[in-house]
Amino acid sequence: MDNKLYFYNTLTRKKEIFSPIAPPRVTTYSCGPTVYSYAHIGNLRSYIFMDELRRTLKHAGYVTESVMNITDVGHLTSDADDGEDKMQSAAQKQHKTPEEIAAMYSAAFFKDLERLNILSPEIIAKATDNINEMIAFVQTLYDRGFAYETDDGIYFDISKFDGYGKLSRCNLEDALAGARVAVNTQKRHPADFALWKKAEKNHIMQWQSPWGMGYPGWHIECSAMGKKFLGDRFDIHTGGVDHIPIHHENEIAQSESLEGHRVVNLWMHGEFLLVDGGKMSKSLGNLYTVDDLVSRGFAPLAFRYFCMNTHYRNKLNFTFDGLNGAQTAYTRLRNTISSCAAAPKADSALADKISAQKSAVVAAIYDDLNYPLALGELWTMAKLAACREIYDAAVELDGLFGLDLHLPLDDNTANDIPENVKAIADKRFAARQNKDWATSDALRAELDALGFTVLDSKTGYELKKK
Ligand code: AMP
Ligand code: ZN
């Protein structure tokens with residue numbers, strides 16, 4: 001079997017043979033959530049894609065060093081520079097501090113990742129923990145003439161970077177025409193973007209900088225954290241397709257201007273999840289979270305299966321009918337496979353067929369993460385005949401799928417934990433994030449009294465029935 005990996009590069013618009021900078025190490029950066037609200041299932045589709053990629057790299061023998069950031073400052077209500085800071089406005093609406101908002105929604109996000117079997121990246125980087133690196137980055141760009149100061153911040157001058165627009169394939173004129181009429185008349189070009197914003201007195205989150213009190217622009221966060229944790233060149237950068245034209249274009253402009261060379265080798269983007277054929281929005285009442293799916297009787301992993309049935313570069317239309325179909329198929333698949341645990345051994349002809357199917361699964365995934373095709377090959381394998389080898393093959397392949405294929409469905413204890421217990425555990429996790437140990441201990445005692453043990457990890461927790 002050809003064990004090379006092929007990935008589609010947004011930058012070149014081509015599927016390329018993957019060739020890491022310093023194998024077996026593979027460095028990846030994924031734009032993480034802005035933790036001002038619960039992640040919706042569209043956001044989570046993007047992280048299922050990130051997980052498909054990381055599991056594939058690991059399966060191919062690479063050692064992943066993956067960063068995902070947590071944006072807890074600087075992301076304004078528009079991806080460009082308009083509007084309020086999303087964290088600040090959520091804090092004001094909910095009468096909480098931005099730190100409390102960040103802790104609460106980060107905890108919920110990591111719980112979602114766990115329920116969806118999304119492996120946590122090796123490095124989780126909070127924007128507010130890396131402000132000094134961002135200031136240093138901006139200062140260097142400023143010193144080298146790529147940035148200029150206005151009354152309200154430091155801006156990147158896109159005319160100073162020749163390659164502006166190369167990821168989205170729009171030229172400078174398009175970028176200028178596309179940018180909204182400049183709110184800030186001191187900007188040299190309407191599409192210049194903020195690296196650093198000077199803070200008004202009433203702005204909650206602000207830090208000392210060479211330009212007075214202020215806070216970072218959203219784009220600089222990823223450039224600075226990518227550089228800090230992965231260096232001046234790294235293998236793969238991922239995100240949703242909405243990031244191509246502004247956020248990633250701006251990251252490229254900042255990072256390549258600073259380093260004087262290409263920084264990211266491979267740009268990969270996940271397509272959108274649509275709901276009922278359109279955009280998800282609160283006002284349409286069609287913005288769903290994992291909790292919404294669970295409360296309607298769906299297993300979180302059925303949503304994972306649903307996503308895996310569509311290639312990450314294709315749009316996926318979410319409907320409850322579609323999810324229902326996925327849950328039925330997924331249940332059948334798991335029960336077929338897990339029932340093979342106690343089945344007799346295969347004869348050699350059957351064993352050969354299983355082994356060929358296993359290779360077909362891997363080949364599909366190595367070809368730009370073709371999980372829908374791989375699921376088809378897996379089904380073909382599962383239906384061959386009941387034998388132990390199918391179970392063994394599925395256990396091995398589950399490293400790629402993360403679907404708990406080998407477990408009978410009722411072993412999926414995550415769904416047996418009552419909502420009130422989960423709510424206490426979430427509260428406790430938020431308290432820990434805030435280093436409020438007294439509350440955390442009191443909540444642990446409550447969980448204990450209800451018959452649950454909680455195991456902490458760096459990025460989340462696990463609940464077990466005692
Ligand atoms: P945000 O928290 O807004 O920064 O978004 C987190 C991630 O979710 C980003 O990678 C976005 O590109 C992605 N995303 C947002 N909406 C959708 C959607 N409807 N479908 C898929 N990905 C999405
Ligand atoms: Zn980013």
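Residues numbered from 1 in each chain as written. Chains lettered and ligands numbered in written order. Predicted model: local features only at pLDDT ≥ 70, side-chain atom pairs only at ≥ 80, totals over all residues. Heavy atoms only, no water.

1. Side note on the overall build of the protein chain
Across its full length, the protein chain carries 15 helices and 16 strands. For the protein chain, whose C-alpha radius of gyration is 23 Å, the value lies close to the compact-globule estimate of 23 Å for 466 residues. For the C-alpha atoms alone, the extent of the protein chain along its principal axes is close to 75 × 55 × 40 Å. Counting every position in the protein chain, which comprises 466 residues, the buried fraction comes to 53%. For the protein chain, the share of sequence-separated contacts (at least 6 apart) that also reach a separation of at least 24 residues comes to 75%. Accessible surface, the protein chain: about 19,800 Å² in total, of which carbon and sulfur atoms supply 51%. Put simply, the protein chain has 52 plus and 62 minus side-chain charges, and the middle of one group is 2 Å from the middle of the other. (Helix = DSSP H or I, 4+ residues; strand = E, 2+ residues; numbered from the N terminus. Rg over C-alpha atoms; globule rule 2.2 N^0.38 Å. Buried < 20%, exposed > 50% of the residue type's maximum accessible area, 1.4 Å probe, protein only. Contact = heavy atoms within 4.5 Å. Areas by Shrake-Rupley, 256 points an atom, 1.4 Å probe, with all protein chains shown as cover. Lys, Arg positive; Asp, Glu negative; His and termini not counted. Charge placed at Lys NZ, Arg CZ, Asp CG, Glu CD.)

2. A short note on the packing of aromatic side chains
Under the criterion given, the structure shown has 20 aromatic pairs. Aromatic pair phenylalanine 109 and phenylalanine 110: ring centres 5.5 Å apart, planes at 70°, arrangement edge-to-face. Of the two residues, phenylalanine 109 and phenylalanine 110, both sit in the buried class. Between tyrosine 288 and phenylalanine 320, the ring centres sit 5.0 Å apart and the planes meet at 75°, which makes this aromatic pair edge-to-face. One end of the pair, tyrosine 288, is in the loop between strand E13 (273-275) and helix H8 (290-295); the other, phenylalanine 320, is in helix H10 (residues 320-339), with 32 residues separating them in the sequence. Three or more aromatic residues link up through ring pairs in this structure, and these residues are Tyr288, Phe298, Phe303, Phe306, Phe318 and Phe320. Sitting over the ring of tyrosine 8, arginine 313 keeps its end group 3.9 Å from the ring centre. (Phe/Tyr/Trp six-rings, centres within 6.5 Å; stacked < 30°, edge-to-face > 60°. Lys NZ or Arg CZ within 6 Å of the ring centre and 35° of its normal.)

3. Regarding the domain arrangement of the protein chain
Taken as a whole, the protein chain is organised into domain 1 (6-270), domain 2 (275-414) and domain 3 (417-465). Computed over C-alpha atoms, the centres of domain 1 and domain 3 are 31 Å apart. The interface of domain 1 with domain 3 comprises twelve residues on the first partner and ten residues on the second. Where domain 1 abuts domain 3, roughly 830 Å² becomes buried across the two surfaces, and 55% of that area is made up of carbon and sulfur atoms. (Domains from an automatic or database assignment. Buried area = accessible area lost by both parts, 1.4 Å probe.)

4. So, the coordination of the zinc ion (ligand 2)
Binding of the zinc ion (ligand 2) to the protein goes through Cys31 (SG), Cys222 (SG) and His247 (NE2), at separations of 2.0 to 2.2 Å. In primary-sequence terms, the residues that donate to the zinc ion (ligand 2) follow C-x190-C-x24-H. One end of the pair, cysteine 31, is in the loop between strand E3 (25-30) and helix H1 (41-59); the other, cysteine 222, is in helix H6 (residues 218-230), and 191 residues separate them in sequence. (Donors = N, O, S within 2.8 Å, 3.2 Å for Na, K, Ca; no water.)

5. Things to note about helix H15 (residues 437-449)
Taking 1.5 Å per residue as the helical rise, H15 with its 13 residues ought to reach 18 Å, and the 18 Å between its terminal C-alpha atoms agrees with that figure. Among the residues of H15, Ser440, Leu443 and Leu447 are the ones counted as buried. All buried residues of H15 lie within an arc of 70° about the axis, which places them on one face of the element. Opposite the buried face of H15, at more than 90 degrees from it, the exposed residues are Ala438 and Ala449. Within two residues after H15, glycine 451 carries a phi angle of roughly 95°, on the positive side. (Expected span 1.5 Å × (residues − 1). Arc of directions from axis to C-beta.)

6. Considering the site of ligand 1
Taken together, 16 residues lie near ligand 1, and Thr34, Gly42, Ser46, Asp242 and Leu273 sit nearest. Protein contact buries 91% of the 490 Å² of open area that ligand 1 shows by itself. For the shell around ligand 1, the leading source of residues is H1, giving four residues. Along the lines of polarity and charge, the residues of the shell around ligand 1 split into five nonpolar, nine polar and two charged. (Near = heavy atom within 4 Å. Nonpolar A, V, L, I, M, F, W, Y, C, P; charged D, E, K, R; others polar.)

7. Some thoughts on the sheet that holds strand E10 (residues 212-216)
Pairing is antiparallel across the open sheet formed by five strands, whose spatial order is E6-E7-E8-E10-E9. The open sheet is flanked by strand E6 (147-150) and strand E9 (207-209), the only strands paired with a single partner. Neighbour-to-neighbour, the strand axes of this sheet turn through a mean angle of 40°, independent of strand direction. Taken together, the three bridges between E9 and E10 define a ladder with antiparallel strand orientation. Note that in E10 the partner of serine 209 across the bridge is glycine 212. The sheet strands contacting helix H4 (residues 131-143) are E6, strand E7 (153-156), strand E8 (193-198), E9 and E10, and the helix crosses E8 at an angle near 120°. (Pairing = 2+ DSSP bridges. Axes fitted to C-alpha atoms, helices over the stretch in contact; angles between N-to-C directions.)

8. Some details on unusual backbone geometry
Here proline 23 and proline 24 are connected by a cis peptide whose omega angle stands at 10°. Within the secondary structure, proline 24 is located in the loop between strand E2 (14-17) and E3. Not every positive phi belongs to a glycine, and asparagine 117 is a case in point at roughly 55°. You can see asparagine 117 is positioned in the loop between helix H3 (98-115) and strand E5 (123-126).

9. Description of the packing of H1 against helix H13 (residues 388-401)
At a closest axis distance of 7 Å, the pairing of H1 and H13 adopts a crossing angle of 130°. Compared by their axis directions, H1 and H13 come out oblique. Facing H1, whose interface residues are Arg55, Thr56 and His59, H13 presents Asp398, Gly399 and Leu400. Residues of the contact of H1 with H13, tallied by class, amount to one nonpolar, three polar and two charged. (Parallel < 35°, antiparallel > 145°, perpendicular 65-115°, else oblique.)

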